[in-house]
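Reading the structure
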Amino acid sequence: MIQWSTTEAPEIQIGDRVLASRYFLAPLAGYTQHAFRVAIRELGGVGLCTTDLVLASHLLSGSRKSKALLTTSPADQPLTIQIFGGVTAELVAAARWLDQHGYAAVDLNMGCPMAKINGNGGGARIMCSPDAACQMVAEVVDAVSIPVTVKMRLGWDRDSITAPLLAREFEQAGVAAITVHGRTRNQGFGGTVDLEGIRQTVEAVQHIPVIGNGDVCTVEDAFRMRQQTGCAAVSIGRGAMLDPWIFRKISQVVQGEEPVSEPTREEQIQFLERHFTLMFQQHELFGCRLIRKFAAWYGARLGIPEDLEDRLRRLESDGEFQDIVEQIRLRHGERESSVPTALIKTPNGPVERW
Ligand SMILES: Cc1cc2nc3c(=O)[nH]c(=O)nc-3n(C[C@H](O)[C@H](O)[C@H](O)COP(=O)(O)O)c2cc1C
């Protein structure tokens, strides 16, 4: 077990917000909707959640999809809204709209590697034009009174590592914090995270918190990220779907409550039920479709037998869900494989095709 100093304050300040924990849920488009955020917050230890990325022009036109992504509740705080787009005027207008409608913070996506996002001029593509990126960020910061943060990768490729330079410039422009996923755009989700690259970004700024991100799947990974990079906080994406209790466990270690407790069998089943209930409350029958993609992430961790994981992946109705849960209660842990099915599911193949 990697030890962690218990003398450090557990909370962190980003702009005018004081967050109770330094361990955040990273945005995962298609997964980190309201239902997942609330279900995971209820387990404890989450300092901040961020929405899936919302296209600025869709937010402004009030599209149904963007409204669903902006859905929040008192149980879903603190929350940051992430926007993206290649047109500065749209990003400025979207950030202003969020400010005027009571949202507490806005995050600009400069990290997404997907072709359709980069084709819009958004996502990681922006990092290729540092002057334009700085201008864009400065205009958004100047337009709002809420904290503006930026999520980025280390750069476009190995020969173009721009994160440290951009972080320094963004701090000057008034950005409140920066999250760095320790991979380049061309790495996609392959290879390993470059902790040295994150460290260089941490060292490039003067005061603002840098949040380290990438491949944190255990409590040890989280503390290693902090020790080796010096980052002020850690954001966890896929690791939270593979183990929704990761934040609670980190918080137990931070508070000196070792050994950390693993969720009981009943807690695991109740988590699945809670996530589904929240999803169904918001989306009704469509919630069944949305919960399907979690099956591959949850199966191994929640002790779901493979055949029931497969049924969850094809879920059609509330009644069927109740039946599956009843079966899981009877057959919890009866699995051939303890490797989560989802671990082979991140984008692969030539990067141009994503
Ligand atoms: C399915 C999926 C969807 C993602 N969606 C977003 C997104 O909407 N916004 C964003 O900034 N990053 C997004 N990311 C990147 C993650 O936030 C994170 O940077 C990356 O997965 C590395 O962290 P992890 O290893 O903890 O998952 C996504 C990643 C995945 C796998």
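- Identification of the protein chain as tRNA-dihydrouridine synthase from Gimesia algae is taken from an unreviewed UniProt entry.
- Taken directly from UniProt, the Function (unreviewed entry) text for the protein chain runs: "Catalyzes the synthesis of 5,6-dihydrouridine (D), a modified base found in the D-loop of most tRNAs, via the reduction of the C5-C6 double bond in target uridines."
- Taken directly from UniProt, the Sequence similarities (unreviewed entry) text for the protein chain runs: "Belongs to the dus family."

Brief notes about the domain arrangement of the protein chain
- Domains assigned within the protein chain are domain 1 (12-254) and domain 2 (265-331).
- Placing the centre of domain 1 and that of domain 2 at their C-alpha centroids yields a distance of 28 Å.
- Between domain 1 and domain 2, the residue contacts involve 21 residues of the former and 15 residues of the latter.
- In total, about 1,700 Å² of surface goes out of reach between domain 1 and domain 2, with carbon and sulfur atoms giving 66% of it.
- The largest share of the area that domain 1 buries against domain 2 comes from Tyr31, Ala35 and Trp245, three residues that together contribute 30% of it.
- Our count for the contact surface shared by domain 1 and domain 2 stands at three salt bridges.
- Between Glu42 and Arg274 there is a salt bridge whose closest N-O contact spans 2.7 Å.

Things to note about the packing of aromatic side chains
- Following the criterion strictly, the structure yields ten aromatic pairs and no others.
- For the ring pair Tyr23 and Phe223, a centre distance of 6.2 Å and an interplane angle of 80 degrees mean the geometry is edge-to-face. On the criterion of sequence distance, the pair formed by Tyr23 in strand β3 (residues 23-25) and Phe223 in helix α9 (residues 219-229) is long-range, its members being 200 residues apart. By the burial criterion, Tyr23 is buried, and Phe223 matches it.
- Taking the centre distance of 3.8 Å and the plane angle of 10 degrees together, the rings of Phe276 and Phe321 count as stacked. One end of the pair, Phe276, is in helix α12 (residues 265-283); the other, Phe321, is in helix α16 (residues 318-331), with 45 residues separating them in the sequence.
- Residue classification places Phe276 among the buried residues on the basis of a relative accessible area of 3%.
- An aromatic cluster of at least three residues, connected via ring pairs, comprises Tyr31, Phe36, Trp245, Phe271, Phe294, Trp297 and Tyr298.
- Over the ring of Phe189 we find Arg153; its NZ or CZ atom is 5.2 Å from the centre of that ring.

Notes on the pairing of strand β11 (residues 233-236)
- Going residue by residue along β11, you find Ala233 and Ser235 tucked away on one face and Val234 and Ile236 tucked away on the opposite face as well.
- When β3 meets β11, the two strands line up parallel, connected through three bridges. Looking across to β11, one finds that Tyr23 is bridged to Val234.
- Relative to β11, strand β10 (residues 210-213) is paired through three bridges, and the arrangement is parallel. The residue bridging Gly212 from the neighbouring strand is Val234, located in β11.
- Tracing the backbone out of β10, into α9 and back to the parallel element β11 gives a crossover that is right-handed.

Notes on the site of the ligand
- Taken together, 18 residues lie near the ligand, and Pro27, Gln82, Asn213, Asp215 and Arg238 sit nearest.
- At 2.8 Å, a backbone N or O of Gly237 approaches an oxygen atom of the ligand.
- Its residues assigned to classes, the shell around the ligand shows eight nonpolar, six polar and four charged.

Description of the environment of Gly102
- Inspection of the secondary structure puts Gly102 in the loop between α4 (88-100) and β7 (106-110).
- Linking Gly102 and Ile146, residues 44 residues apart in sequence, is a C-alpha distance of 9.3 Å.

Re the pattern of salt bridges
- For the structure on display, the rule yields 26 salt bridges.
- A salt bridge links Arg199 to Glu203; its shortest N-O distance comes to 2.3 Å. With Arg199 and Glu203 both in helix α8 (residues 195-204) and four residues apart, this pair spans about one turn of that helix.
- By relative accessible area, Arg199 is classed as partly exposed at 26%.

Considering the nonpolar core
- Of all hydrophobic cores here, the largest spans 99 residues; its most connected members are Ile83, Met110 and Phe170.
- For this core, the element with the most residues is helix α6 (residues 130-143), which contributes seven residues.
- Beyond its immediate stretch of four places on either side in the chain, Phe170 contacts Met110, Ala133, Cys134, Val137, Val150, Met152, Val175 and Ile178.
- Counting residues in hydrophobic clusters, the runner-up holds ten residues, among them Ile12, Ile14, Phe24 and Ala232.

Notes on the UniProt feature "binding site: FMN" (unreviewed entry) in the protein chain
- In the numbering used here, UniProt assigns the feature "binding site: FMN" (unreviewed entry) to Gln82, Lys151, His181, Gly237 and Arg238.
- As for its placement among the helices and strands, Gln82 is situated in strand β6 (residues 79-84).
- Aside from chain neighbours lying at most four places away, what touches Gln82 is Pro27, Thr50, Thr51, Asp52, Leu53, Val54, Asp107, Asn109 and Lys151.
- Mapped onto the elements of the fold, Lys151 is located in strand β8 (residues 148-155).
- Excluding residues that lie within four positions of it along the chain, Lys151 makes contacts with Pro27, Gln82, Asp107, Leu108, Asn109, Met110, Gly111, Thr179 and Asn213.

Topic: the pairing of β6
- Of all six residues in β6, six are buried, a share of seventy percent or more.
- Residues of β6 alternate between two faces, with Leu79, Ile81 and Ile83 on one and Thr80, Gln82 and Phe84 on the opposite face, all of them buried.
- Bridge analysis of strand β4 (residues 49-50) against β6 gives two bridges, and the strand direction is parallel. When the sheet's bridge partners are listed, Cys49 is paired in β6 with Leu79.
- Two elements, strand β5 (residues 54-55) and β6, share two bridges in a ladder whose sense is parallel. Residue Leu55 lies in a different strand from β6, and its bridge partner there is Phe84.
- Across three bridges, β6 lies against β7 in parallel orientation. What sits directly across from Ile81, in β7, is Val106.
- Running through α4, the crossover from β6 to the neighbouring parallel element β7 is right-handed.

What counts as what
Residues numbered from 1 in each chain as written. Predicted model: local features only at pLDDT ≥ 70, side-chain atom pairs only at ≥ 80, totals over all residues. Heavy atoms only, no water. UniProt positions renumbered as here; feature names shortened; annotations may be inferred. Domains from an automatic or database assignment. Contact = heavy atoms within 4.5 Å. Buried area = accessible area lost by both parts, 1.4 Å probe. Salt bridge = Lys/Arg side-chain N within 4 Å of Asp/Glu carboxyl O. Phe/Tyr/Trp six-rings, centres within 6.5 Å; stacked < 30°, edge-to-face > 60°. Helix = DSSP H or I, 4+ residues; strand = E, 2+ residues; numbered from the N terminus. Buried < 20%, exposed > 50% of the residue type's maximum accessible area, 1.4 Å probe, protein only. Lys NZ or Arg CZ within 6 Å of the ring centre and 35° of its normal. Pairing = 2+ DSSP bridges. Right-handed = clockwise from strand over helix to strand, strands pointing away. Near = heavy atom within 4 Å. Polar contact = N/O pair within 3.5 Å; in protein donor to acceptor, adjacent residues only side chain to side chain. Nonpolar A, V, L, I, M, F, W, Y, C, P; charged D, E, K, R; others polar. Core = buried A, V, L, I, M, F, W, Y, C linked by side-chain atoms within 4.5 Å.

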